[in-house]
Amino acid sequence: MITTEIKNKIMAAISAARRNYPSDAKHASSLGITTSVYSAVKNGQTDRVLSDSNWISIARKLGVSLRGEIEWKAANTPAFQYITAQLELCQQSSLSGILCDLPNIGKTFTARCYVQNHRNAVYIDCSQVKTKLKLIRKIAAEFGVDAKGRYADVYDDLVYYLRGIDNPLVILDEAGDLQYEAFLELKALWNATERCCGWYMMGADGLKEKINRSIECKKVGYTEMLSRFGDRYSKVVPDEANDRKAFLHEQARIVAKVNAPEGADIALIVRKSGGGLRRVYTEIEKLKRQ
């Protein structure tokens, strides 16, 4: 049973996300509901408008938790600054880039924050849509393009839409999980939207290894894909061990300082985390639930 409190949280998230879409109709389509239902929810109507499954689906798409979680504030870490600057450049200039770096440094969090605050930018978790069909339909759905028809029509409608709106950006997280056919389709979609759409691919070192290995094996499409995404891999974490440790601990300190309860021992949180931001969250959650 979805409580009124949770529905209110979801409605607040809907309202916040609306500014990133050109119309109510596009936003409604991205959420998988009709414009009439969207209008009712927008006007504060919650009873018998949506089923619990619909509320859950919308909550999932907007990142609204169904259980009580601590409020997490964005911290201006070096990784947050670097990735945000790259995303802004890609979107404003319709460029493409690849970030391959350590896990647990805030890549996904930064990308989600960016999408929440920038019109015509969408975030795609490629680990959830590994195939060609799922990937393209997901991108279309996030932009509010009808994703339920024939695949060829969905693809053509998506291309038409991306070429017609101002500075669209597609962020592809966990891109190393994509199947080969999906990579080829991305290359085709990039070709069809050249100079009209920004693309940003993110992953850990496995993504870099996958692309390089495929290029060495002369697998069709990977050399062209890397060329379209700038012919280089970006990273923010230093390579040298001591510098890397200092960088990660400083990131953990910045995040803990912004989010930890008043009076918390920041140095202790950083030591326990080892510089990993997920562990910082865990330690702070423990403190806030005491």
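Refer to the structure above for everything that follows.
Residues numbered from 1 in each chain as written. Predicted model: local features only at pLDDT ≥ 70, side-chain atom pairs only at ≥ 80, totals over all residues. Heavy atoms only, no water.

Visitor: I would appreciate a short explanation of the side chain of Gln91 in the present structure.
Guide: Here Gln91 lies in helix α5 (residues 78-93). In contact with Gln91, other than residues within four places in its own chain, are Tyr114, His118, Arg119, Asn120, Ala121, Asn167 and Leu169. (Helix = DSSP H or I, 4+ residues; strand = E, 2+ residues; numbered from the N terminus. Contact = heavy atoms within 4.5 Å.)

Visitor: Explanation requested: the sheet that holds strand β3 (residues 169-173) in the structure shown.
Guide: Within a sheet, each strand pairs with its neighbour through backbone hydrogen bonds, oriented either parallel or antiparallel. With parallel pairing, 4 strands are arranged side by side in an open sheet as β1-β4-β3-β2. Strand pairing shows two members of the sheet lacking a second neighbour, β1 (96-100) and β2 (121-125), which therefore form its edges. Averaged over neighbouring strand pairs, the angle between their axes works out to 15° when direction is ignored. Two elements, β3 and strand β4 (residues 198-203), share 4 bridges in a ladder whose sense is parallel. Looking across to β4, one finds that Leu172 is bridged to Met201. Along the sheet, helix α7 (residues 132-142) contacts β2, β3 and β4; its crossing angle with β2, the most-contacted strand, is approximately 145°. Seen against the sheet, helix α10 (residues 205-216) touches β1 and β4 and runs at an angle of roughly 115° to β1. (Pairing = 2+ DSSP bridges. Axes fitted to C-alpha atoms, helices over the stretch in contact; angles between N-to-C directions.)

Visitor: Looking at this model, I keep getting lost on the packing of aromatic side chains. Mind explaining?
Guide: For the structure shown, the criterion picks out 5 aromatic pairs. For the pair Tyr180 and Tyr222, a centre-to-centre distance of 5.9 Å together with 10° between the ring planes defines the contact as stacked. Of the two residues, Tyr180 sits in helix α9 (residues 180-192) while Tyr222 sits in helix α11 (residues 222-228), which places them 42 residues apart along the sequence. Residue Tyr180 is classed as partly exposed on the basis of its relative accessible area of 22%. (Phe/Tyr/Trp six-rings, centres within 6.5 Å; stacked < 30°, edge-to-face > 60°. Buried < 20%, exposed > 50% of the residue type's maximum accessible area, 1.4 Å probe, protein only.)

Visitor: When you look at α7 in this model, what are you seeing that I'm missing?
Guide: Along an α-helix, a turn takes 3.6 residues, which lines up residues three or four apart on a common side. Buried within α7 we find Leu135, Ile136, Ile139, Ala140 and Glu142. Here the buried face of α7 lies against α2 (24-31), β2, α8 (151-162), β3, α9 and β4. Positive phi appears at Gly144, one or two residues downstream of α7, with a value of about 85°.

Visitor: Explain the environment of Phe143 to me, please; I cannot follow it from the model alone.
Guide: Mapped onto the elements, Phe143 comes out in the loop between α7 and α8. Separated by 77 residues in the primary sequence, Phe143 and Val220 have C-alpha atoms spaced 29 Å apart. With near-sequence residues (within four places) excluded, Phe143 lies in contact with Tyr21, Lys26, Asn120, Val122, Leu158, Tyr161, Leu162, Ile165, Pro168, Leu169 and Val170.

Visitor: How do you make sense of the packing of α5 against helix α12 (residues 241-259) when you look at a structure like this?
Guide: Any two packed helices are characterised by how steeply their axes cross, that is the angle between the axes, and by the distance between the axes. Running from N to C, α5 and α12 cross one another at 95°; their axes reach a closest spacing of 9 Å. Here α5 lies roughly perpendicular to α12, going by the angle between them. Here α5 contributes Pro78, Ala79 and Phe80 to the contact with α12, which in turn contributes Phe247, Gln251 and Ile254. In the contact of α5 with α12, the residues fall into 5 nonpolar, 1 polar and no charged. (Parallel < 35°, antiparallel > 145°, perpendicular 65-115°, else oblique. Nonpolar A, V, L, I, M, F, W, Y, C, P; charged D, E, K, R; others polar.)

Visitor: Explanation requested: the nonpolar core in the structure shown.
Guide: Residues Leu135, Phe143, Trp199 and Met201 are the most contacted members of the largest nonpolar core, which totals 40 residues. With 7 residues, the single largest contributor to this core is α8. Ranked by size, the runner-up nonpolar core spans 18 residues in total, among them Ile6, Leu31, Val41 and Ala59. (Core = buried A, V, L, I, M, F, W, Y, C linked by side-chain atoms within 4.5 Å.)

Visitor: How should I be thinking about the pattern of salt bridges in this particular structure?
Guide: For the coordinates displayed, the defined rule picks out 10 salt bridges. Here Asp153 ties to Arg150 by a salt bridge, and the two come within 3.0 Å at their closest N and O atoms. The exposure class assigned to Arg150 is exposed, which follows from its relative accessible area of 54%. One salt bridge in this structure joins Glu283 and Lys272, with 4.0 Å as the shortest N-O distance. One end of the pair, Glu283, is in helix α14 (residues 277-288); the other, Lys272, is in helix α13 (residues 266-273), with 11 residues separating them in the sequence. What makes Lys272 partly exposed here is its relative accessible area of 42%. (Salt bridge = Lys/Arg side-chain N within 4 Å of Asp/Glu carboxyl O.)

Visitor: I'm lost on α9 in this one. Help?
Guide: The end-to-end C-alpha distance of α9 is 19 Å, a good match for the 18 Å that 13 residues give at a rise of 1.5 Å each. Those residues of α9 that fall on the buried side of the exposure criterion are Ala182, Phe183, Glu185, Leu186, Lys187, Leu189 and Trp190. (Expected span 1.5 Å × (residues − 1).)

Visitor: I keep staring at the pairing of β3 and nothing clicks. Help me out?
Guide: Successive side chains on a regular strand alternate, one facing one side of the sheet and the next facing the other. Across the 5 residues of β3, 5 count as buried, placing the element largely inside the fold. With burial as the criterion, each face of β3 is covered, one bearing Leu169, Ile171 and Asp173 and the other bearing Val170 and Leu172. What joins β3 to β4 is α9, and the crossover it makes is right-handed. (Right-handed = clockwise from strand over helix to strand, strands pointing away.)

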